[in-house]
Amino acid sequence: MKIFSAVRPTGGIHIGNYLGAINQWISLQENNDCYFAIADLHAITTPYDQNTLKDKIFELAVTYLSLGIDPQKCAFFIQSKVREHTELAWLIGTIVPVGELQRMTQFKDKATQHKEYVNAGLLNYPILMAADILLYKSGGVPVGKDQKQHVEFARNAAEKFNKQFGECFPIPEPLIEEKQANIMSLKDPSKKMSKSGDQKGCINIFEEDDSIRKKIMSAETDTGSEIKYDLENKKGISNLLSIYSAFSKIEIPLIEKKYEGKKYAEFKSDLADLLISKLSEFKEKRYSYYKNPDLVYNMLEKGAEKARIEAKKTIEEVKQKMGL
Ligand code: TYM
């Protein structure tokens, strides 16, 4: 199957991004035709610093590689280097209703968060995302739960295009790992873990060991003392159990059993040890890529070359079908 996904270079990758998306990419790249991009054109729809954007793109490329993205097995590239993304976005933009864009949850959230910067790009964000996905005729889109609505938008756009202009796009499925698709903030487990939220609630994939321990030990838990998965009444502990389960690959009921009668502090301390040990592998790899920027840029360019071949074919077909 063809697969597309991306992350915005807006700051470090946190364990939510990793568990919700990139962790899935690593297994998908083994048996699928995968395209994994750095969504720089999406990153500029919210306030950003043009002097540091390039560093953030490089940092994200190093992160992908450190987490296990293998450029031999997929096309790994910077979105803006394949100009067909914006070309297809324009074409798709002419067939989707504005009302649908205005109803998108992320648009409403971001427009409230950055009142001074509600630009047309932010409104059109889902169109570019649909173009990213459809450009490669992707059948699957591995994402966290917060992106489900955007993938549904891409599905609608594909259906509409096929109906109006003739069969062209497969209808893409969101690939969501239910248990890890919605990692919540450690400080406020009713909100998702996010780069722009409270930093105490967010663990970066390259976070220092001491800081990981501090954040886990002070994570919000609930009254009561039982270590039990209960999303209604015990959001904090349920979130920590999901993180534990995702990193240890042990099912939640077995973890609950292991900690029966034990205190939150003991469970948290073990979770901190687990995270520190799992994330240490990534830190070592990161260092080796950092020392070798030419290698990283070379991989990105090769990935873009590969992506362009598919992208050009789709654009030709779409233009011809649209009568251009
Ligand atoms: P971004 O950069 O906000 O997030 C990257 C990926 O991480 C997932 N994610 C989470 N998963 C679980 N728990 C969380 N707390 C959490 N926070 C973030 C997101 O669901 C996402 O999968 N619009 C996209 C980037 C993009 C894209 C695309 C994705 C651009 N074009 C085409 C798929 C297909 C975004 O904002 O990701």
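Residues numbered from 1 in each chain as written. Predicted model: local features only at pLDDT ≥ 70, side-chain atom pairs only at ≥ 80, totals over all residues. Heavy atoms only, no water.

A. Structural context of the overall build of the chain. Per the secondary structure count, the chain includes 13 helices and five strands. The C-alpha radius of gyration of the chain comes to 20 Å, within 12% of the 20 Å expected for a compact globule of 324 residues. In terms of principal-axis extent, the alpha carbons of the chain reach across some 70 × 45 × 40 Å. The buried share of the chain, taken over its 324 residues, is 51%. Partitioning the contacts of the chain with sequence separation of at least 6, the portion at a separation of at least 24 is 76%. Carbon and sulfur atoms form 50% of the exposed surface of the chain, whose accessible area is close to 15500 Å². Between the averaged position of the 47 positive side-chain charges in the chain and that of its 45 negative side-chain charges there is a distance of 1 Å. (Helix = DSSP H or I, 4+ residues; strand = E, 2+ residues; numbered from the N terminus. Rg over C-alpha atoms; globule rule 2.2 N^0.38 Å. Buried < 20%, exposed > 50% of the residue type's maximum accessible area, 1.4 Å probe, protein only. Contact = heavy atoms within 4.5 Å. Areas by Shrake-Rupley, 256 points an atom, 1.4 Å probe, with all protein chains shown as cover. Lys, Arg positive; Asp, Glu negative; His and termini not counted. Charge placed at Lys NZ, Arg CZ, Asp CG, Glu CD.)

B. The pattern of salt bridges, seen in detail. In this structure the tally under the stated criterion is 17 salt bridges. With its nearest N and O atoms 3.8 Å apart, the salt bridge here joins lysine 73 to aspartate 70. Between glutamate 317 and lysine 321 there is a salt bridge; the shortest N-O distance is 2.8 Å. Of the two residues, glutamate 317 and lysine 321 are both situated in helix H13 (residues 293-322); the distance of four residues between them amounts to about one turn of the helix. Linked through salt bridges whose partners overlap, the residues forming this network are Lys2, Glu310 and Lys313. (Salt bridge = Lys/Arg side-chain N within 4 Å of Asp/Glu carboxyl O.)

C. Region of interest: the layout of surface pockets. By volume, the second largest pocket is sized at about 300 Å³. If you trace the second largest pocket, you find 13 residues lining it, with Glu177, Lys179, Gln180, Ser245 and Ala246 closest to the centre. Elements supplying a minimum of two residues to the lining of the second largest pocket: helix H1 (15-31) and helix H10 (235-248). Residue composition of the lining of the second largest pocket, grouped by class: two nonpolar, six polar and five charged. (1 Å grid on protein atoms, 1.4 Å probe; cavity = no way out; pocket = protein on both sides within 12 Å on 5 of 7 lines; lining within 4 Å. Points joined across faces, edges and corners; volume = space filled by probe spheres on them. Nonpolar A, V, L, I, M, F, W, Y, C, P; charged D, E, K, R; others polar.)

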